Amino acid sequence: ITAGTVRLSIGLENAEDLLTFASTPSTSRKRDVIARVADEMRRLHESGVYHADLTMKNILMSGDSVYIIDLDKATMVPKRDGQRDMMNLARLNRSVVKLLGTRGAVSRTDKLRFLRRYLGSRDRIKELSQLCAQGLWFHRLWWSVSGQA
């Protein structure tokens, strides 16, 4: 998606969702797919579009192209929002863990590759880590109070 561009499609030939791909990963394609998905997510967020149900099943690949589908409940904002970026990416991560487990075909290294590609610059990495740190103080407090620390 780019500003002012909307793609509508009834079907894509030879498309597979990210879950199907991750279930039978081709190691030679894995890094390329991670980079393409990260690039498409960055473009989506740069356009101010935030997916309401971002899961592995809503990311399709056809050839060298990545398509993010099921945008009927997406939120569009005039300016990119780092907090929304983080929440959207966390939603995708929850989908990965839920559908593949913590030791699935998507490793911690794969997730770091995705994040590094998505963020692009060191400034963006620093910005995201600061947002995470701001949000974690509440969770740390809850963990210590509830005895889950």
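Residues numbered from 1 in each chain as written. Predicted model: local features only at pLDDT ≥ 70, side-chain atom pairs only at ≥ 80, totals over all residues. Heavy atoms only, no water.

Of regular secondary structure, the chain possesses 5 helices and 5 strands. Of the regular secondary structure in the chain, the N- to C-terminal order runs β-α-α-β-β-β-β-α-α-α. Among the 149 residues that make up the chain, the fraction classed as buried is 32%. Counting only carbon and sulfur atoms, one obtains 53% of the accessible surface of the chain, whose full area is about 10000 Å². (Helix = DSSP H or I, 4+ residues; strand = E, 2+ residues; numbered from the N terminus. Buried < 20%, exposed > 50% of the residue type's maximum accessible area, 1.4 Å probe, protein only. Areas by Shrake-Rupley, 256 points an atom, 1.4 Å probe, with all protein chains shown as cover.)

Its location among the elements puts Asp 110 in helix α4 (residues 108-119). The contacts of Asp 110, once residues within four sequence positions are left out, are Lys 30, Ile 34 and Ala 105. (Contact = heavy atoms within 4.5 Å.)

Looking now at the packing of aromatic side chains. Overall, the coordinates contain 1 aromatic pair when judged by the stated rule. For the pair Phe 114 and Tyr 118, a centre-to-centre distance of 6.2 Å together with 10 degrees between the ring planes defines the contact as stacked. Taken as a pair, Phe 114 and Tyr 118 lie in helix α4 at a separation of 4 residues, close to a single helical turn. A residue is classified by how much of its surface remains accessible, and Tyr 118, at 1% relative accessible area, is buried. (Phe/Tyr/Trp six-rings, centres within 6.5 Å; stacked < 30°, edge-to-face > 60°.)

The biggest cluster of nonpolar side chains holds 24 residues, and the ones touching the most others in it are Leu 18, Val 37, Met 41, Met 56, Ile 59, Phe 114 and Tyr 118. The set of elements that each furnish at least two residues to this core consists of α1 (18-23), α2 (27-46), β3 (59-62), β4 (65-68), α3 (82-100) and α4. Ranked by the residues each element gives to this core, the list is headed by α2, at 6 residues. Among residues more than four places away in sequence, those in contact with Phe 114 are Ile 34, Val 37, Ala 38, Met 41, Leu 89 and Leu 92. (Core = buried A, V, L, I, M, F, W, Y, C linked by side-chain atoms within 4.5 Å.)

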